[in-house]
Number of protein chains: 2
Amino acid sequence: MEKKELLHEGKAKRIYATEDETLVIQEFKDDATAFDGNKKGSITGKGEINCTISSILFEYLHSYHVPTHYVRRLEGNMMLIKKLDMIPLETVMRNIATGSLVKRLAFPDAKPLDYSIFELYLKNDDLGDPLINEYHAFAMGIARPEEIRSMYRLTAKINAILKSFMERRGLVLVDFKLEFGRDENGDLILGDEISPDTCRIWDRKTHKKLDKDRFRFDMGGVEKAYQEVLDRISNV
Amino acid sequence: MEKKELLHEGKAKRIYATEDETLVIQEFKDDATAFDGNKKGSITGKGEINCTISSILFEYLHSYHVPTHYVRRLEGNMMLIKKLDMIPLETVMRNIATGSLVKRLAFPDAKPLDYSIFELYLKNDDLGDPLINEYHAFAMGIARPEEIRSMYRLTAKINAILKSFMERRGLVLVDFKLEFGRDENGDLILGDEISPDTCRIWDRKTHKKLDKDRFRFDMGGVEKAYQEVLDRISNV
């Protein structure tokens, strides 16, 4: 499958057309951004590592009948995916309080939550990706109530699956972000990626951060942390 | 029923004990605040007007079997109410986009919404009363999922009742904020007040603002606007 014209370029990925109208190529970049794009940098080798991690996790989710856009791994930092009509929302599931829960709502940092927290964000750089709820999304014409309920159910299912997957590999899934789209039948499908760019992942024993927080807060060892996640989840 | 010791003083009201353990007196102040308490002032006569408006609206809601803390009107700016264990949440229902919908989410100002928007806010001055969702409220131990569903259903019912009540009086109910508490049986009851301090109310024809936005944005005629709302809703 060959790359044809560039259809879309985001902060961390490029989407290319292919000869098949229903399929596109997702290319993972080494570029890294944080804080609504205000911090910019590059993490050497990140594109290929995240492409590999995402491929492993999408395949694992397929084994649990979670519908994703993943078709197959291509060489290097590229992945063949189904073309989706992406919904401009981000769903977040949190198992441990950190980040915005601490800043906005004064949760104690690193506190395991008795009940996981599901959040919906509007994907809009100009507005700073604000937290919204299902009524906002519906009133804005972005998604129907039953689609948002499906997004919640899929996010909760993916959380259950990936939490124990990570646990068995000495990792803690702190929180993660997903994006969904609609396929040609209008069915809801998981899109985007699942990687240390979009998940917070800690070492289970030391609580060492193995994700983009190392880049966000200039903690060093970013490449090593991403590689560490790949090494751990490759040991199936 | 006589005022005994002061139990609680908020930005717009004081709560006093009575000889009956299950009842308290709610006294409405002329003090006005806006923007998380950063703007402070006073609106002459507001206390008594809001007490009267709230009494009329609580009585009207009782006729539709909405449970509220209202027992009866006392003299001046005072109301006898059931003592509730207040839940530190604010529910908001919006029929027309304005205020934070415009600022945070870029809705066109004054646009009637095809679908009303329900919101949940954490009542916490230090955190600036942030928008939250039911999962945050549950994880924080503030309210159980079924209580939040009840708060949604009651807020939607109150919206339907008050929207047509206002319409018949040449007013538009743009949006409003409610607070709930639990009675001695643990049942969910509407508390606080319903007034131009907690509702946005416009004249139906001219869209003239008849609420606290006149104070927020120094539009003048604040007292007159509050009196206008009282005059209109007194004509039953």
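Cut-off values and rules
Residues numbered from 1 in each chain as written. Chains lettered and ligands numbered in written order. Predicted model: local features only at pLDDT ≥ 70, side-chain atom pairs only at ≥ 80, totals over all residues. Heavy atoms only, no water. Helix = DSSP H or I, 4+ residues; strand = E, 2+ residues; numbered from the N terminus. Contact = heavy atoms within 4.5 Å. Buried area = accessible area lost by both parts, 1.4 Å probe. Salt bridge = Lys/Arg side-chain N within 4 Å of Asp/Glu carboxyl O. Nonpolar A, V, L, I, M, F, W, Y, C, P; charged D, E, K, R; others polar. Domains from an automatic or database assignment. Polar contact = N/O pair within 3.5 Å; in protein donor to acceptor, adjacent residues only side chain to side chain. Phe/Tyr/Trp six-rings, centres within 6.5 Å; stacked < 30°, edge-to-face > 60°. Buried < 20%, exposed > 50% of the residue type's maximum accessible area, 1.4 Å probe, protein only. Lys NZ or Arg CZ within 6 Å of the ring centre and 35° of its normal.

Q: I'm lost on unusual backbone geometry in this one. Help?
A: Of all residues except glycine, most have a negative phi; of all peptide bonds, most are trans. The phi torsion at aspartate 218 of chain A lies on the positive side, around 50°, for a residue other than glycine. With respect to the element layout, aspartate 218 of chain A can be found in the loop between α5 (213-216) and α6 (222-234). Although it is not a glycine, aspartate 36 of chain B sits at a positive phi angle of roughly 55°.

Q: Sorry, what's going on with the interface of chain A and chain B here?
A: One frequent convention defines the size of an interface as the accessible area lost when the parts assemble. On the chain B side, the residues contacting the 23 residues of chain A number 23 residues. Here chain A packs against chain B, burying approximately 2200 Å² in sum over the two surfaces, 69% of which is carbon and sulfur. Summed over the three residues of chain A that lose the most area to chain B, namely Leu105, Tyr135 and His136 of chain A, the buried surface amounts to 27% of that side. Where chain A meets chain B, there are zero salt bridges. Here the side of chain A that touches chain B is built from residues that sort into 17 nonpolar, three polar and three charged.

Q: For this particular structure, what's the right way to read the domain arrangement of chain A?
A: Residue and element names in this part refer to chain A. Split into domains, chain A comes out as domain 1 (6-82) and domain 2 (85-221). For domain 1 versus domain 2, the separation of C-alpha centres amounts to 17 Å. Of the residues lining the interface, 28 residues belong to domain 1; the matching set on domain 2 comes to 26 residues. Carbon and sulfur atoms supply 64% of the area buried between domain 1 and domain 2, which totals about 2400 Å² over both sides. Summed over the shared surface of domain 1 and domain 2, the number is five salt bridges. In this structure, aspartate 125 and lysine 11 form a salt bridge, with 3.0 Å as the shortest nitrogen-oxygen distance. Applying the counting rule to domain 1 against domain 2 returns 17 residue pairs in polar contact (both at pLDDT 80 or more). Of all the elements in the fold, those that place two or more residues in the side of domain 1 that touches domain 2 are β3 (23-28), β4 (31-34), β5 (39-42) and α1 (46-62). No other element matches α1, which puts eight residues into the side of domain 1 that touches domain 2. Across the side of domain 1 that touches domain 2, the residue classes break down as 14 nonpolar, eight polar and six charged.

Q: In this structure, what is going on with the packing of aromatic side chains? I would like to understand it.
A: Within a pair of aromatic rings, the relevant descriptors are the distance that separates the centres and the angle that separates the planes. Going through the model one piece at a time under the given rule, you end up with 16 aromatic pairs over all chains. Ring geometry for tyrosine 135 of chain A and tyrosine 152 of chain B: centres 5.3 Å apart, planes at 25°, overall stacked. Of the two residues, tyrosine 135 of chain A sits in helix α3 (residues 134-139) while tyrosine 152 of chain B sits in helix α4 (residues 145-167), which places them in two different chains. According to the relative accessible area criterion, tyrosine 152 of chain B is partly exposed, its value standing at 29%. When the ring centre of tyrosine 16 of chain A is taken as origin, the NZ or CZ atom of lysine 3 of chain A, which lies over that ring, is 4.4 Å away. Across the ring face of phenylalanine 215 of chain B, the terminal group of lysine 39 of chain B is positioned such that the distance to the ring centre comes to 5.4 Å.

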